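# Examination of the molecular architecture
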Amino acid sequence: MLLKSSTQLCPTVVRDYSEWHRGRSDYGLWYLEIDQPELIEYLDQIQADFSDLLIPANQRQYHITLFVCGFLTSAEKQYNDDFQIQQLQQQMKQLQNLELSSFELEIAQLDSFSSALFLQVKDTDQILEKIRRQLASVSDEIAALEYCPHITLGLYREAWQSDQVLERIQQLPVKKWKVQVKQLTFGYYKAQILQGLLYPYQQIELG
């Protein structure tokens, strides 16, 4: 949910969310890697500027989430948010059938959800939606809300007043960037580590 004026932030409590992961470890998703050094430096600077509001020790690489799959497993599904290896293989075939060429996205202004600071991503040609439809033909997305492509900069650590954050966002000059997308990545993070590293597992190179 986008942050609205005259509300409060939704803080993230730093703890082990065992009721969610139920002892499972590898939480899988499709994403786009951000590997342009100048852009990463820019993202680091914004993150530092807002570090007083964000939870510390964020290790996760900057990325654009494409599709959230669930807990990766080679066994039979036990829970609704399990995602089987064979489903991943089916998704890879669906993506390869698209025969996608590399494409470009635009990184736009800073914005905020009620729980996280982020940069907007503009998908003018609707390529991300095309990819997501192929992935959704194999499995339902976990916790699917209205898709909003973005780069997360951090999760909020206290329930501050939203106007305080929105004012700071508005003061930041808008700087637009282009991102060249040359591959799609399926990876996972360790569910017991809050904002831990992403580990690439499979990649599809684009023509």
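Please refer to the structure placed before this passage.
Reading guide: rules and limits
Per chain, the residues get numbers from 1 upward, laid out in the order the sequence is written. Since the coordinates come from a predicted model, pLDDT governs what is reported: local features require at least 70, and pairs of side-chain atoms require 80 or more to be given and counted, while whole-chain, interface and lining totals use all residues. Side-chain numbers come from the whole structure's heavy atoms, not from hydrogens or water. Pairing of aromatic side chains here covers Phe, Tyr and the six-membered ring of Trp, requires ring centres within 6.5 Å, and sorts the geometry by plane angle: under 30 degrees stacked, over 60 edge-to-face, intermediate tilted. Partly exposed residues are those whose accessible area sits between 20% and 50% of the maximum for their type, while under 20% is buried and over 50% is exposed, using a 1.4 Å probe and protein chains only. To qualify as a helix, a DSSP run of H or I must reach at least 4 residues; to qualify as a strand, a run of E must reach at least 2; elements of each kind are numbered from the N terminus. Charges are assigned to positions over rings by a cutoff of 6 Å between ring centre and Lys NZ or Arg CZ, combined with an angular limit of 35 degrees from the ring normal. Only buried Ala, Val, Leu, Ile, Met, Phe, Trp, Tyr and Cys residues count toward a nonpolar core, and they belong to the same one when joined by side-chain atoms within 4.5 Å. By the convention used here, residues are in contact when the closest approach between their heavy atoms is within 4.5 Å. Whether two strands pair comes down to DSSP finding at least two bridges between them.

All right, on to the packing of aromatic side chains then. Counting across every chain of the model gives 11 aromatic pairs. Taken together, a centroid distance of 5.0 Å and an interplanar angle of 65° make the contact between W20 and Y27 edge-to-face. Using a relative accessible area of 27% as the deciding quantity, one classes W20 as partly exposed. Aromatic pair Y27 and F71: ring centres 4.8 Å apart, planes at 70°, arrangement edge-to-face. Taken as a pair, Y27 in strand β1 (residues 26-33) and F71 in strand β2 (residues 63-73) lie far apart in primary sequence, 44 residues in all. The exposure classification of Y27 matches that of F71, with both residues buried. Over the ring of Y147 we find R132; its NZ or CZ atom is 3.9 Å from the centre of that ring.

What follows covers the nonpolar core. Ranked by internal contacts, the top residues of the largest apolar core, which has 49 residues, are W30, L43, L66, L117, I131 and L184. In terms of residue count, β2 provides more of this core than any other element does, five residues in total. Apart from residues no more than four positions distant in its own chain, I131 is found in contact with L66, L95, L98, L100, F103 and L184. L29, V68, F71 and I142 belong to the second-largest nonpolar core, a separate cluster that totals nine residues.

It is worth spelling out the environment of A48 at this point. By the secondary structure assignment, A48 is in helix α2 (residues 37-49). Under the relative-accessibility criterion, A48 is labelled partly exposed at 45%.

Moving on, we come to unusual backbone geometry. Phi is positive for R22, which is not a glycine, with a value near 50°. Mapped onto the fold, R22 is located in the loop between α1 (18-21) and β1. Overall, R22 belongs to the partly exposed group, its relative accessible area being 48%. One non-glycine residue with positive phi stands out, namely Q195, at about 55°. With relative accessibility at 12%, the residue Q195 sits in the buried group.

Before going further, it helps to spend a moment on the pairing of strand β7 (residues 177-181). Alternating residues of β7 divide into W177, V179 and V181, all buried, and K178 and Q180, none buried. Sheet analysis places strand β4 (residues 103-112) next to β7, joined by five bridges and oriented antiparallel. If you follow E106 over to β7, its bridge partner there is K178.

This paragraph deals with the environment of I85. Among the structural elements, I85 can be located in helix α3 (residues 85-98). With 111 residues separating them along the chain, I85 and G196 place their C-alpha atoms 22 Å apart.

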